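Observations on the model geometry
In case you want the letters, here they are:
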Amino acid sequence: MPKQKQPKRTTMDRLLNLLHDDARRAPEELAKMLGEDTESITARIAQYEKAGVIRGYQALINPDLVEENLVRAVIELHIRPTQDGGFDKIANRIGRFPEVESMFLMSGGYDLLLFVKGRNLQSVAQFVSSKLATMEGVLSTATHFMLKTYKDQGVLMETLDDDDRLKVTP
């Protein structure tokens, strides 16, 4: 099986940083912020999309404030890499499950870190026991259920008073 061609790596530039912070910005606004013309910004964005650097655009939603009632969990996987595909082959298979929202290759005590979601505790447990744990190459799993989201992707989900100091009165 031929190895997949890896996309050329790109340095994170100011345009990508601005889009990362707020992907709703119009090309005209980005051009003004960067001191460039709108056409060049539009062309660069199109190049990033075509090259796979920009993979999509999403709103960051506080799951604690929507009535979705989905259960989210973090799963640590210890796996045995395959001889012909290493970690990539098994990660590709796991990543195809709709329950898996994110997945990372890790250093340390486990190999893959998964963020998954399900309708309830039982559906996540069923996913782990019937789909993940039974996969060839999966040696062990450890599941941790997420109880509350305080910060996600650099964004605080809840803000309290900015002044956390104790009040002192004379």
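Described below are features of the structure shown in this document. As the structure is a prediction and not an experimental result, all values here were calculated from the model.

With that out of the way, let us pick up the side chain of D152. Tracing the sequence through the fold places D152 in strand β5 (residues 151-152). Apart from the residues within four sequence positions on either side, D152 is in contact with L60, R72 and M157.

All right, on to the pattern of salt bridges then. Within this structure, the stated rule accounts for nine salt bridges. A salt bridge links K89 to D84, with the nearest nitrogen and oxygen atoms 2.8 Å apart. Its relative accessible area of 38% is what places K89 among the partly exposed residues. Classification of D84 as exposed rests on a relative accessible area of 60%. Measuring nitrogen to oxygen at the nearest pair gives 3.8 Å for the salt bridge that ties E101 to K117. With a gap of 16 residues between them, E101 in strand β2 (residues 100-105) and K117 in strand β3 (residues 112-118) connect regions that are remote in the sequence. Look at K117 and you get partly exposed, because its relative accessible area is 32%.

This part takes up the packing of helix α1 (residues 14-21) against helix α3 (residues 38-51). Across the interface, α1 lies against α3 with an axial gap of 11 Å and an inter-helix angle of 80 degrees. Relative to α3, the element α1 lies roughly perpendicular. Contacts from L15, L16 and L19 in α1 reach I41, R44, I45 and Y48 in α3. Partitioned by chemical class, the residues of the contact of α1 with α3 number six nonpolar, no polar and one charged.

Parameters and conventions
- Residues numbered from 1 in each chain as written.
- Predicted model: local features only at pLDDT ≥ 70, side-chain atom pairs only at ≥ 80, totals over all residues.
- Heavy atoms only, no water.
- Helix = DSSP H or I, 4+ residues; strand = E, 2+ residues; numbered from the N terminus.
- Contact = heavy atoms within 4.5 Å.
- Salt bridge = Lys/Arg side-chain N within 4 Å of Asp/Glu carboxyl O.
- Buried < 20%, exposed > 50% of the residue type's maximum accessible area, 1.4 Å probe, protein only.
- Axes fitted to C-alpha atoms, helices over the stretch in contact; angles between N-to-C directions.
- Parallel < 35°, antiparallel > 145°, perpendicular 65-115°, else oblique.
- Nonpolar A, V, L, I, M, F, W, Y, C, P; charged D, E, K, R; others polar.

Interpretation in functional terms is not warranted from these geometric data alone.
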